[in-house]
Amino acid sequence: MKFTVSTSDLQRILGKLAGVIPSKSTMPILETLLFELVNNTLSVTATDLVVTSIIALDVTGSEDGMIAIPAKRLVDTMRSLPETAATFSIDTTSNKVKITTANGEYSLTGEPAKEYPQVPPFKGSSEFAVESSALRKLIHRTSFAVSTDELRPAMMGILFQAGGSEIRAVATDGHRLSRVSYRTEVPARLAKDVIVPAKAMGILAKAVESGTCTVSVSDTHIRFLYDHSVLVSRIIEESYPNYESVIPQENTKLAVMNRDQVIASIRRVSLYASATTHQVKLELGANSLKLSAQDIDFGGEATETLPCEYDGDGLEIGFNAVYLSDILTHLDADRVLMKFSTPTRAGIIVPAEESQNESTVMLIMPVRLNA
Amino acid sequence: MHHNLVDAGRPLFLCRSASCKAPQSVAATASAGGMSQPRRPVDFAAATPYLVHDTFRAMSCITKQIAHLDLDCFFVSVERIKDPSLRGKPVAVGGAPGGRGVVASASYEARAFGVRSAMASSRALRLCPQLILVRSRHHEYGEISERLATRMEEIAPVVERASIDEFYLDFTGCESLYQNNLAGFMHSMQKMVADEFSLPCSIALATTKTLAKIAVGTVKPNGVCVIPPGNEESFLAPLPIGVIPGVGAKTEALLTRRGFRTIADLQAQSEEHLCALLGASGGWLHAVAHGRGSDTVSVEHTRKSISREETFAKDLRAIPELEGELRTLVEDVCATVREKGWRARTIQLKLRYADFTTITRARTIDPTDDDPVIFDTVQSLFRAAYDREQAVRLLGVHLSNFDDAAQMELPLNPQRQHREELLKAVDRIRAKFGDDVIHVGGA
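What you see is a predicted model; the values in this text were computed from it and never measured.

Here's the deal with the packing of helix 2 (residues 74-82) of chain B against helix 5 (residues 138-153) of chain B
All names here are of chain B.
Consideration 1: At their nearest, the axes of helix 2 and helix 5 sit 10 Å apart, and the two run at 95° to each other. Looking at the two axes, helix 2 sits roughly perpendicular to helix 5. Across the interface between the two elements, Phe-74, Phe-75, Val-78, Glu-79 and Lys-82 of helix 2 pack against His-138, Glu-140, Tyr-141, Ile-144 and Ser-145 of helix 5.
Consideration 2: Split into classes, the residues belonging to the contact of helix 2 with helix 5 amount to five nonpolar, two polar and three charged.

So this is what it looks like as structure tokens:
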């Protein structure tokens, strides 16, 4: 097996695959990348058995073949090399890999390709195409709210729904919730709702660039096809909680404010919040928002007042500053609209202005304020 | 609140007491007690020097000023508050001699007969037939200790609770707040504990925690000892090696065989020599003998776990009986968790058999403060772990890995809210009518 490739091209695809490789695994073979050369096309595969990503690359090949190459050393080597042509000469019987550049020669030992886990055949049914940029937005605006609690496996992924001409992504950890819908120009339909592990979505968001992405699902997997690449992920076979029922419909206290201002203010005020609870208090008054925090254990308090558009009754409500600023930083808008009802019910945060084909709703549960 | 900075407009009334004299050299004096003095002669609350303290800490090589406060026969002292007739008599707090009771704390009068903590009550009674044995009320001692700790935090910026009856207070950088007379202030502090808590205590002020602990042992009971910086070695020199905390019977015997008697003998040796004798701990012992050692007083800001254990008067075998005990333990820990406003994720069972084999089993669940949920977890851990061939000596329930209950949850599970109301009501009923009047049933 032999091919010549540009180090920067190879480095670019290795960067996209590196996230798939498990950092600790009981199967050492998963810490390798599978290289397969057919004519002048090199396919590189990474898998952790849940997520599999394959990226194809045009190279100058001379002998076809397959080999599994230790990922870390290869990635580090490519990262350290300047832009140059590298020739891979691989003896598939002894599994010796030799990389030759104009100035150097690097040898490492691979593993036989047959040791590498087989990618299960994908028998997808429903299929639709979506702009990669929209998919990236859907993932970006929801993934931060995914739960890390292994006791609630359903919430450890992003829920994808597609029907009519709308694709929807939802994530919640029980403290905050994000629901993002995107209206497509062509009909999009998934045979069923699927929960995709957060890891797969994170890798996908980094890997998709421009153009479109074709999505299809099977009983157990979801597949994304984009720019010479495939990402297949097992889906979380659990039922997602009824998130619609927790989105309040009657939050009538509406405040509009500048997003950047609030984020910066929370950042400063929360420096004075308790390091364990990160609790900040929001006080809404006539056209003003007062943010305050107090650290009872160590002493220290901070207050800031910002202008905002508000003409309702006064309201005091507490939030975890981390959750609040997470939501605000993931909203793509200059101004945001906050909708509240009482200090013990969920607050809604949405962009004050949003493009026609997008709809974003974020929910945050308050913290009971100390009496 | 204790975290306020010193109020510049407020006068500092420190060390008004006549007993506040700065000792010029190593001083070990027994305080007179002074119960007749007016209450609170010293305004400690004025002295809350966070900023000063932190600034000093930031400077390297600063000489530390660490006080060790040790409550003298604490449990007995508490019992004596409730029953003054116990004063001046040999008293021990502990279990009854019939079962497997042991002495938890002995008065100095009882110690004169050779009664010691951890000694079987029956043996203590043989040594001192007139000994008055009082049943231990651990819960109450804990509460008093907590109150005292809160009071200490008004006095010193950093307070470490080393145990139920021992505290380290770091006064580094606060000297000027106490009129550069920390030594005299130790007497005031001792008097404050006597006046406000009616508890006798001994206090030592030194440059390291270890030294303060050793020093306090030399003046107990009811004494104050101050070791000014620079006098560490001369103070330690005449003391026997056994007073160093961490030097156990084995090490002491080994050192005695080699001709070491006092700490001066250790001081005369090189670190290499001690390391050759004792291995790694030689270096530590060399440092301690020269008055060096840990000088970091740390505060546990967040409690990491809540647990309850019960050693039975007689070993138990019957599962219903054991599960009944577990239920009581669970109710107890759950009430504490709810009081703190937390929810626990990790539930641990501790099981000790009659032969002292101890096993622990833990499970992590959805954060909860709900008795039946925690009981079900504990019960299933117990049923899986319990070896029916053996009798059980002790059971314990341990909760850790807490969530902040003030953070509200989205009602993705609507039953949860109803449950919260129910548990709050149960806690209120228990607080009013006692723990046994109501128990939470299954969901």
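After that view, the rundown keeps rolling.
Quick word on the side chain of Asn-95 of chain A
Consideration 1: Summarising the element assignment, Asn-95 of chain A is placed in the loop between strand 7 (85-91) and strand 8 (96-100).
Consideration 2: In contact with Asn-95 of chain A, not counting residues within four places along its chain, are Ile-67, Leu-108, Thr-109, Gly-110, Glu-111 and Pro-112 of chain A.

What to know about helix 2 (residues 71-80) of chain A
Residues and elements named next belong to chain A.
Consideration 1: Buried within helix 2 are the following residues: Ala-71, Leu-74, Val-75, Thr-77 and Met-78. For helix 2, the angular spread of buried residues about the axis comes to 160°, placing them on one side. Turned more than 90 degrees off the buried face of helix 2, the exposed positions are Lys-72, Arg-73, Arg-79 and Ser-80.
Consideration 2: Those residues of helix 2 that are buried lie in contact with helix 1 (7-18), strand 2 (32-38), strand 6 (65-70), strand 7, strand 8 and strand 9 (105-109).

Quick notes on the nonpolar core
Consideration 1: Core analysis: the biggest nonpolar cluster contains 100 residues, and Phe-3, Leu-10, Leu-33, Phe-35, Phe-88, Phe-160 and Phe-224 of chain A have the highest contact counts within it.
Consideration 2: The element that contributes the greatest number of residues to this core is helix 4 (residues 198-207) of chain A, accounting for six residues.
Consideration 3: The residues contacting Phe-35 of chain A, other than those within four sequence positions of it, are Met-1, Phe-3, Leu-10, Leu-14, Leu-42, Ser-43, Val-44, Gly-65, Met-66, Ile-67, Ile-69 and Leu-74 of chain A.
Consideration 4: Membership of the second largest hydrophobic core comes to 40 residues, among which are Leu-86, Ala-149, Ala-156 and Phe-185 of chain B.

Focus: the interface of chain A and chain B
Consideration 1: Counting residues at the interface gives 30 residues for chain A and 21 residues for chain B.
Consideration 2: Surface buried jointly by chain A and chain B totals about 2100 Å² across both partners, of which 59% is contributed by carbon and sulfur atoms.
Consideration 3: Seen at the junction of chain A and chain B, the total is one salt bridge.
Consideration 4: When the shortest N-O distance is used, the salt bridge between Glu-409 of chain B and Arg-152 of chain A registers 3.3 Å.
Consideration 5: The tally of links between chain A and chain B comes to six residue pairs in polar contact (both at pLDDT 80 or more).
Consideration 6: In the side of chain A that touches chain B, the residues fall into 14 nonpolar, eleven polar and five charged.

Calculation notes
Residues numbered from 1 in each chain as written. Chains lettered and ligands numbered in written order. Predicted model: local features only at pLDDT ≥ 70, side-chain atom pairs only at ≥ 80, totals over all residues. Heavy atoms only, no water. Axes fitted to C-alpha atoms, helices over the stretch in contact; angles between N-to-C directions. Helix = DSSP H or I, 4+ residues; strand = E, 2+ residues; numbered from the N terminus. Parallel < 35°, antiparallel > 145°, perpendicular 65-115°, else oblique. Contact = heavy atoms within 4.5 Å. Nonpolar A, V, L, I, M, F, W, Y, C, P; charged D, E, K, R; others polar. Buried < 20%, exposed > 50% of the residue type's maximum accessible area, 1.4 Å probe, protein only. Arc of directions from axis to C-beta. Core = buried A, V, L, I, M, F, W, Y, C linked by side-chain atoms within 4.5 Å. Buried area = accessible area lost by both parts, 1.4 Å probe. Salt bridge = Lys/Arg side-chain N within 4 Å of Asp/Glu carboxyl O. Polar contact = N/O pair within 3.5 Å; in protein donor to acceptor, adjacent residues only side chain to side chain.

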